[in-house]
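# Architecture at a glance
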Amino acid sequence: GNLVEALEAGVPLLLHDTGGNRAFARLGAGGVGIRALSPATVADGLERMFASRPSDLALLADRSRACYAQHLTIEAFRHGHRALYASAARTACA
């Protein structure tokens, strides 16, 4: 939900190193990674993000938008499903 909308809007993310956040990072989402969800690590991550140069934040925003466009649009899902079904059909017919 909210992470997908943030990616679509081009928002740099604060990504915790677990679950779906880790997957978004592997897909190329633009953001700052943190290892724990303690107040101190979240504050450190936000501080690093806000201390970034505008050009670096713009790059993170571009990476977020690109991640959304490449992996999370309906077209991207449709393409992935077509490839999956084509692969299954080749395997079944072999």
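Please refer to the structure higher up on the page.
Residues numbered from 1 in each chain as written. Predicted model: local features only at pLDDT ≥ 70, side-chain atom pairs only at ≥ 80, totals over all residues. Heavy atoms only, no water.

### Observations regarding the nonpolar core
Convention followed: What we call a nonpolar core is a set of buried Ala, Val, Leu, Ile, Met, Phe, Trp, Tyr and Cys residues that are connected through their side-chain atoms within 4.5 Å. Relative accessible area decides the class of each residue, using a 1.4 Å probe on protein chains only: under 20% of the type maximum gives buried, over 50% gives exposed, and in between gives partly exposed. We call two residues in contact whenever any of their non-hydrogen atoms come within 4.5 Å of each other.
Ala 6, Leu 7, Leu 13, Leu 15, Phe 24, Ala 29, Cys 67, Tyr 68 and Leu 72 form the largest nonpolar core, which has nine residues in total. Setting aside residues no more than four positions away along its own chain, Phe 24 makes contact with Leu 3, Val 4, Leu 7, Ala 29, Cys 67 and Leu 72.

### Quick word on the environment of Gly 20
Going by this rule: Only DSSP runs of H or I reaching four residues or more are called helices, and only runs of E reaching two or more are called strands; each is numbered from the N terminus.
Considering the arrangement of structural elements, one finds Gly 20 in helix H2 (residues 19–26). A relative accessible area of 44% means that Gly 20 is categorised as partly exposed.

### A closer look at the pairing of strand S1 (residues 13–16)
The condition is simple: The criterion for strand pairing is that DSSP finds at least two bridges linking the strands in question. Orient the strands so they point away from the viewer; a crossover is then right-handed if the path from the first strand over the helix to the second runs clockwise.
Direction of pairing for S1 relative to strand S2 (residues 31–34): parallel, over a ladder of four bridges. Residue pairing for S2: Leu 13 is matched across the bridge by Gly 31. The parallel pair S1 and S2, bridged by H2, forms a crossover whose chirality is right-handed.

### Brief notes about the side chain of Ser 64
As for its position among the elements, Ser 64 is in helix H4 (residues 54–71). Overall, the relative accessible area of 0% leaves Ser 64 in the buried class. Here Ser 64 is in contact with Leu 7, Gly 10, Val 11, Pro 12, Leu 13, Ala 29 and Gly 30, once residues within four sequence places are set aside.

### Structural notes on the pattern of salt bridges
Put simply, the test is: Only one rule defines a salt bridge in this text: a Lys or Arg side-chain nitrogen within 4 Å of an Asp or Glu carboxyl oxygen.
Taken as a whole and assessed by the stated rule, the structure comprises six salt bridges. One salt bridge in this structure joins Arg 53 and Asp 56, with 3.1 Å as the shortest N-O distance. Residues Asp 62 and Arg 65 are paired through a salt bridge, measuring 3.0 Å at the closest nitrogen-oxygen approach. Linking Asp 62 with Arg 65, this pair stays in helix H4, spanning three residues, or about one helical turn.

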